[in-house]
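# A look at the structure
Each chain is listed here by its residues.
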Amino acid sequence: MECIITGTVIHGKKLGRSLGFPTANLLIDPSLEIANGVYAGRVALTGKPYGALVNIGYNPTVPTGGKRLLEAHLLDFSGDLYGRTISVELVVFLRPEQKFASLDELRERIEQDKTEIIKILETC
């Protein structure tokens, strides 16, 4: 799978930071022919790649007023992302988007996804 999306990070809720990693939110074209859901990905920021859990959909975790959003949760980055231009490479599709009944359920699934993504990125 070769898909790279470039954009400027927009503000959103800082849920990712409370879950242990910063989140880059990008508005994306609704006609872009990629499935909504969760991907293993890489984010290029100032020339350096970072592993990422990437979520694409109309309201992954941040209200967007009905606009399609890409959320890239950087796994090994601790700085500020807002207003910066990044490139997001979608490496492997993991699963369709999913809504969660609670924040605890979301946290548990993110931990499972992070473990799987780290394994995938080590081999790619």
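Placed above this text is the structure.
Per chain, residues are indexed from 1 in the order of the written sequence. Local features in a predicted model are, by the rule used here, given only for residues with pLDDT of at least 70; side-chain atom pairs are given and counted only at 80 or more, and totals for whole chains, interfaces and linings are based on all residues. As a convention, hydrogens and water are excluded, and side-chain values are obtained from all of the structure's heavy atoms.

### Description of the pairing of strand S6 (residues 85-95)
Residues in a regular strand project their side chains so that they alternate between the two faces of the sheet. The condition that has to hold: Strands are treated as partners if at least two bridges between them are detected by DSSP. Secondary structure elements follow DSSP: runs of H or I no shorter than four residues count as helices, runs of E no shorter than two count as strands, and numbering proceeds from the N terminus.
In this structure, strand S1 (residues 3-8) lies alongside S6, joined through 6 bridges in antiparallel fashion. In the sheet register, threonine 6 faces S6, and the bridge partner there is serine 87. Both strand S3 (residues 37-45) and S6 contribute to a ladder of 7 bridges, which runs antiparallel. Residue pairing for S6: valine 43 is matched across the bridge by valine 88.

### Let's talk about the side chain of histidine 73
Stated formally: Contacts described as polar in this section are N or O atom pairs within 3.5 Å, which, within protein, must combine one atom able to donate a hydrogen with one able to accept it, while residues neighboring in sequence count only if both atoms come from side chains.
Tracing the backbone through its elements, the reader meets histidine 73 in strand S5 (residues 69-74). A distance of 2.8 Å separates a polar atom in the side chain of histidine 73 from a polar atom in the side chain of threonine 23.

### Description of the pattern of salt bridges
Cut-off, in case you're wondering: Every case where a carboxyl oxygen of Asp or Glu lies within 4 Å of a side-chain nitrogen of Lys or Arg is listed as a salt bridge. Think of it in three bands: residues with accessible area under 20% of the maximum for their type are buried, residues over 50% are exposed, and the middle band is partly exposed, with areas taken using a 1.4 Å probe on protein chains only.
Evaluated as defined, the whole model comprises 5 salt bridges. For aspartate 113, the salt bridge is made with arginine 95, and the minimal N-O distance between the two is 2.7 Å. Pair noted here: aspartate 113 is in helix H2 (residues 103-123) and arginine 95 is in strand S6, with a separation of 18 residues, a long-range link. A relative accessible area of 1% places aspartate 113 in the buried class. Using a relative accessible area of 10% as the deciding quantity, one classes arginine 95 as buried. Residue arginine 109 is joined to aspartate 113 by a salt bridge in which the shortest nitrogen-to-oxygen separation is 3.1 Å. Taken together, the residues span about one helical turn, with arginine 109 and aspartate 113 both in helix H2 at a distance of 4 residues. Classification of arginine 109 as partly exposed rests on a relative accessible area of 24%. A network of salt bridges, in which partner residues are shared, links Arg95, Arg109 and Asp113.

### Focus: the sheet that holds strand S2 (residues 23-27)
Stated precisely, the cut-off is as follows: To define axes, lines are fitted to C-alpha atoms, for helices over the stretch in contact only, and angles between the resulting N-to-C directions are given on a 0 to 180 degree scale.
In space, the 6 strands of this open sheet follow the order S1-S6-S3-S4-S5-S2, with antiparallel pairing throughout. Here the strands that pair on one side only, and so sit at the sheet edges, are S1 and S2. Averaged over all pairs of adjacent strands, the angle between strand axes in this sheet comes to 30°, irrespective of strand direction. With 5 bridges joining them, S2 and S5 adopt antiparallel strand pairing. Each bridged residue has a counterpart across the sheet, and for asparagine 25 the counterpart in S5 is glutamate 71.

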